[in-house]
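Breakdown of the fold
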Amino acid sequence: MTRHGLHRITRFRPGPRRKAIAIGVVGGSVVAGIVATMMPLLASDDLSIRAAADTTATAVAQDGDNAAKSTLATCATRCDGNPRGGREGVIEFAVTTVPTTAVNIRATLRVHAWQQFAATVTAHASPLSARESRPPVTSAGAALDSVTSVSKGFNEWDVSKLVTGNGTWTVSLAQSGLESRIYWASVENRNPDLRPSLLISYDLGARPSPVTTTRPAPPPSPSASPTTAAPKPSPTIAPTRTATPSASGTLPSGRCGSVSDKLVPSCGAWWGMYTPTAAAGGWDHGKAVTDVETQIGRKFDIVHRYHDFSNAGSNGAFPDVYEQQQMREGRLMFFAWESRDFSAGITLKWSDVYGGKQDDTIDAVAGRIKAAGVPVFIGFDHEPEDEPNKGSDADFVRAWRYVHDRFASAGATNAVWVWTMMGWSGHHSRYAGLYPGDRYVDWVAYDPYNFHVCNGSTVWKSPSTTIGDFYRWLDDNGIGASKPRMLAEFGTNFNSADPGAKQRWFQEFPAALKAHPKIKAAMYFNSAGMTSRTSTCDMTMNHDTSAVAGFAKAGQDPYLRQPTGGSR
């Protein structure tokens, strides 16, 4: 997720970023052991279903065979000067894989446009055949949802009123407010990623019980870039625990309480967070963490921070004084190391890294990591698939290996290497080419989010749905098959129509982790990041008291209460 402030330059990217789609069968059931008062839904999945057929309905004979074209068209009744030139896009879907036990079925129609338009386009239940070459425009069925302006890229309509389970469902798109044609990608488009699709989400089990909420608290202040050196950290009152290292470097087995040399816990998962600081807080990265710990009543296992290649100040000279204090108090550190200079706004190329131009910085950081004397998580350039200006996928792999090998030569063998991807289905074809190889990677990580309306979607994704797509893709494709997995970032929006939804989402999260047991660490991204705080969007954990209560409940689950810590 793109971040504000200290750690990364903010860039808004329109389009289908992180709209991860799961294609295929339903995942396994959630492991038992949820706290009795919670009543969560069971395991859930997404289905992305390609259209079975589509066409453009019109009375204009000159259009020819619309069922065979690579585009659909919509237009108002009076279109391009023709009083009878109206057009509707008609799309058919065959849904066959929704389980009979599915509840809370949500269906979203996604259709791609190449330009922005000031037009309203309404999705209707359609009586027309999407397999005819040019069906006549007839009275539309029930209106399902509208977009009041057409965006460049994918546009989405909530068609849940129509799609209630398995069956054949046909939707028409009717246009108003603009008397010229809008073209959309059709089933025949040569780019399969642009073809119409139906995203179906659901849960398995009974509905959750209502959750009592309280009046929201004011949101935290956004972070900004520091201009001065970091002040002395504040002490904390978190207890110190003692770990028992195991000899295994991958997934340990045996009694709970053991930790491998690559920081893999034998039972359960680590619980962590990134939370920003700001000028108002004195740029105190220590207090930013302990303030949240006080809110939720526990210490985090892992503190996640973002650093750059400046090799100066808290941005680049890490571990800084706050991180050193946090390590002394028993927390693990995860350094997300970005090939940038945050303050100067400079983005490096991966060829600068493997070409030797950054050797002094790499060696200085390796020396400080070695001097830390304890294992630490480190990731080079997380989400590289979102960094087109840095070079090719092959350049990233070469730079990763170069940094890894310089650390090894410097004796910084306590660095535990975390390969972090977005996990978006639109980049699935690239991930094999971005993987540096098992020799260079200790953990495989990804960044799943339930953005809900924050990115223009209408789909509310359960925790299991949110984390399940890329998890299954990794299983199916064998990348890092022997490696533990991590949610380097995760997060959820709230639902303005259901004030208790975010609290329930957090309460259900431990069960989702138990259903995906290769995930051995999860870190909440407690920042607005690429989103904006609005009346319907706030991705922070502590934007209201009910969300804090849900997150605190999750953190008390025994699965996330590791009997380890302290000196390593």
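Structure: see above.
All of these numbers come straight from a predicted model, not from anything done at the bench.

Check the secondary structure of the protein and you find ten helices and 24 strands. Taken across its 568 residues, the protein has 59% of its residues classed as buried. Of the contacts made within the protein by residues no fewer than 6 positions apart, 80% connect residues no fewer than 24 positions apart. As displayed, the protein has an accessible area near 21500 Å², and 53% of this comes from carbon and sulfur atoms.

Attention now moves to the pattern of salt bridges. Within the structure shown, the criterion is met by 23 salt bridges. Residues Glu293 and Arg331 are paired through a salt bridge, measuring 2.9 Å at the closest nitrogen-oxygen approach. With a gap of 38 residues between them, Glu293 in helix H1 (residues 285-296) and Arg331 in the loop between helix H3 (321-328) and strand E16 (332-337) connect regions that are remote in the sequence. Comparing Glu293 with Arg331, the two get one shared label, buried. Sharing partners across several salt bridges, the network here consists of Arg340, Asp381, Glu387 and Lys390.

Another point: the state of the cysteines. Overall, the coordinates contain two disulfides when judged by the stated rule. Across the disulfide from Cys75 sits Cys79; the S-S distance is 2.0 Å. The sign of the 100 degrees torsion about the S-S bond sets the Cys75-Cys79 disulfide as right-handed. Judged by its relative accessible area of 3%, Cys75 falls in the buried class. Under the relative-accessibility criterion, Cys79 is labelled buried at 2%. Between the sulfur of Cys454 and that of Cys537 lies a disulfide, 2.0 Å long from S to S. Across the S-S bond of Cys454 and Cys537 the torsion is about 110 degrees, and the bridge reads as right-handed. Separated by 83 residues along the polypeptide, Cys454 in the loop between strand E22 (449-450) and helix H8 (463-477) and Cys537 in the loop between strand E24 (519-525) and helix H10 (545-555) bring together distant segments of the chain. Owing to a relative accessible area of 18%, Cys454 belongs among the buried residues under this scheme. Classification of Cys537 as buried rests on a relative accessible area of 3%.

All right, on to the packing of aromatic side chains then. This structure, assessed with the given rule, holds 34 aromatic pairs. When the centroid spacing of 5.0 Å and the interplanar angle of 65 degrees are considered together, the rings of Tyr431 and Phe470 count as edge-to-face. Note that Tyr431 is positioned in helix H7 (residues 431-434) and Phe470 in helix H8, a separation of 39 residues in sequence. Using a relative accessible area of 0% as the deciding quantity, one classes Tyr431 as buried. Judged by relative accessible area, which is 2%, Phe470 ranks as buried. On the basis of an interplanar angle of 85 degrees and a centroid distance of 5.9 Å, the ring pair of Trp505 and Phe506 is categorised as edge-to-face. Looking at Trp505, the relative accessible area reads 1%, which means it is buried. For Phe506, a relative accessible area of 1% corresponds to the buried category. An aromatic cluster of at least three residues, connected via ring pairs, comprises Phe309, Phe318, Phe335, Trp337, Trp350, Phe380, Phe396, Trp400, Phe407 and Trp417. For the cation-ring pair, Arg110 lies above Phe154, with the distance from its terminal atom to the ring centre recorded as 4.3 Å.

Let us look at the environment of Asp203. Counting through the fold element by element, Asp203 comes out in strand E11 (residues 197-204). Judged by its relative accessible area of 5%, Asp203 falls in the buried class. In sequence terms Asp203 and Val103 are 100 residues apart; their C-alpha atoms lie 5.3 Å from each other.

Before going further, it helps to spend a moment on the packing of H8 against helix H9 (residues 501-514). Interhelical geometry of H8 versus H9 gives an angle of 40 degrees and a closest axis separation of 8 Å. If you check the angle between H8 and H9, you find them oblique. Contacts from Pro463, Ser464, Thr466 and Ile467 in H8 reach Trp505, Glu508, Phe509, Ala512 and Leu513 in H9.

Going from Phe318 to Pro319, the amide bond is cis rather than trans, its omega being 0 degrees. With respect to the helices, strands and loops of the structure, Pro319 is situated in the loop between helix H2 (313-316) and H3. Although it is not a glycine, Trp283 sits at a positive phi angle of roughly 55 degrees. Here Trp283 lies in the loop between strand E14 (270-274) and H1. In this model, Asp381 sits at a positive phi of 50 degrees, which is unusual for a non-glycine residue.

On the secondary structure map, Gly411 appears in the loop between helix H6 (393-409) and strand E20 (415-421). The class of Gly411 is partly exposed, set by a relative accessible area of 26%.

Here H8 spans 22 Å end to end across 15 residues, near enough to the 21 Å set by a 1.5 Å rise per residue. The largest bend in H8 comes to about 35 degrees, at Asp469. Of the positions making up H8, those classed as buried are Pro463, Ser464, Thr465, Thr466, Ile467, Gly468, Asp469, Phe470, Tyr471, Arg472, Trp473 and Leu474. Downstream of H8 by a residue or two, Gly478 has a phi angle that is positive, lying close to 75 degrees.

The next point concerns the pairing of strand E2 (residues 53-58). Side-chain positions along a regular strand alternate between the two faces of the sheet. Burial of E2 is extensive: six of the six residues sit out of reach of the surface. The alternating pattern of E2 places Ala53, Thr55 and Ala57 and Asp54, Thr56 and Thr58 on opposite faces, both of which are buried. Bridge count between E2 and strand E4 (residues 87-95): six bridges; the pairing is antiparallel. By the bridge assignment for E4, Ala57 is matched with Glu88.

A few words now on the sheet that holds strand E9 (residues 167-176). Spatially, E2-E4-E9-E6-E7 is the arrangement adopted by the five strands of the open sheet, whose pairing is antiparallel. Each of the sheet's edge strands pairs with one partner strand only, and the pair in question is E2 and strand E7 (143-147). Averaged over neighbouring strand pairs, the angle between their axes works out to 25 degrees when direction is ignored. Two elements, E4 and E9, share seven bridges in a ladder whose sense is antiparallel. Bridge pairing in E9 places Glu92 opposite Thr170.

A word on the nonpolar core. Of all hydrophobic cores here, the largest spans 72 residues; its most connected members are Phe407 and Trp419. With near-sequence residues (within four places) excluded, Trp419 lies in contact with Phe396, Trp400, Tyr431, Leu434, Tyr435, Pro436, Val441, Trp443, Val444, Ala445 and Ile479.

What counts and how
- Residues numbered from 1 in each chain as written.
- Predicted model: local features only at pLDDT ≥ 70, side-chain atom pairs only at ≥ 80, totals over all residues.
- Heavy atoms only, no water.
- Helix = DSSP H or I, 4+ residues; strand = E, 2+ residues; numbered from the N terminus.
- Buried < 20%, exposed > 50% of the residue type's maximum accessible area, 1.4 Å probe, protein only.
- Contact = heavy atoms within 4.5 Å.
- Areas by Shrake-Rupley, 256 points an atom, 1.4 Å probe, with all protein chains shown as cover.
- Salt bridge = Lys/Arg side-chain N within 4 Å of Asp/Glu carboxyl O.
- Disulfide = S-S within 2.5 Å.
- Phe/Tyr/Trp six-rings, centres within 6.5 Å; stacked < 30°, edge-to-face > 60°.
- Lys NZ or Arg CZ within 6 Å of the ring centre and 35° of its normal.
- Axes fitted to C-alpha atoms, helices over the stretch in contact; angles between N-to-C directions.
- Parallel < 35°, antiparallel > 145°, perpendicular 65-115°, else oblique.
- Expected span 1.5 Å × (residues − 1).
- Bend = angle between axes of the 7 residues up to and from the residue.
- Pairing = 2+ DSSP bridges.
- Core = buried A, V, L, I, M, F, W, Y, C linked by side-chain atoms within 4.5 Å.

Remember, this is a structural readout, not a statement about activity or role.
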